Amino acid sequence: MDLKGEGWLGYRLGYAGTMMLLAAQAYLFRPGFLTKPAWLDMHCYLTTAGGALILVHSGFPYSFGYWSPPRLNPELGVYGLVGLQGVAAWLVLVLIFSGLFGRYVYGRAASAGWGRAFKWWHSAHSVASGALYVAGFVHLLLAVQLRFLTA
């Protein structure tokens, strides 16, 4: 049973993790049927679980081929972007830890006067999240649509 992306189960773990990450983004819109703290809890749980599935899909920590920075080759066109899968894997790991840190800061922002730190963190976390979604989209395009898989 191969948990990495090219295996039957690993392929599905990647999709399940992606769906969980996308569902977690409902927090941005916060429909009125849940309170703000409940939405934040849902966002944190789905993002952590979805991120963990994606990391297993990427082979982390075993067979994780992204220890060195990925090589991007723009001269190869869209195929030169295959290195973005490594960027996406690292961004997932960074965002999980960033989210845990942000949850800690958020819990103390009002009582300890950490409002400025929370705003700075929120901006950085949002930019990293956007970068993850771009890198993830390119990875999906290459892996699913063009059948260009790298091990």
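Residues numbered from 1 in each chain as written. Predicted model: local features only at pLDDT ≥ 70, side-chain atom pairs only at ≥ 80, totals over all residues. Heavy atoms only, no water.

Moving on: the packing of helix 1 (residues 8-24) against helix 2 (residues 36-57). For the pair helix 1 and helix 2, the least separation of the axes is 8 Å and the interaxial angle reads 155 degrees. The pairing of helix 1 with helix 2 is recorded here as roughly antiparallel in orientation. Between helix 1 and helix 2 lies a crossing of left-handed hand. On helix 2, the residues touching Gly10, Tyr11, Leu13, Gly14, Ala16, Gly17, Thr18, Met20, Leu21, Ala23 and Ala24 of helix 1 are Met42, His43, Leu46, Thr47, Ala49, Gly50, Gly51, Leu53, Ile54, Val56 and His57. Counted by class, the contact of helix 1 with helix 2 contains 13 nonpolar, nine polar and no charged residues. (Axes fitted to C-alpha atoms, helices over the stretch in contact; angles between N-to-C directions. Helix = DSSP H or I, 4+ residues; strand = E, 2+ residues; numbered from the N terminus. Parallel < 35°, antiparallel > 145°, perpendicular 65-115°, else oblique. Left-handed = near helix turned anticlockwise from the far one by under 90°. Contact = heavy atoms within 4.5 Å. Nonpolar A, V, L, I, M, F, W, Y, C, P; charged D, E, K, R; others polar.)

When you line up the elements, Gln25 lands in the loop between helix 1 and helix 2. Residue Gln25 is classed as buried on the basis of its relative accessible area of 19%. Apart from the residues lying within four places of it in its own chain, the contact partners of Gln25 are His43 and Tyr133. (Buried < 20%, exposed > 50% of the residue type's maximum accessible area, 1.4 Å probe, protein only.)

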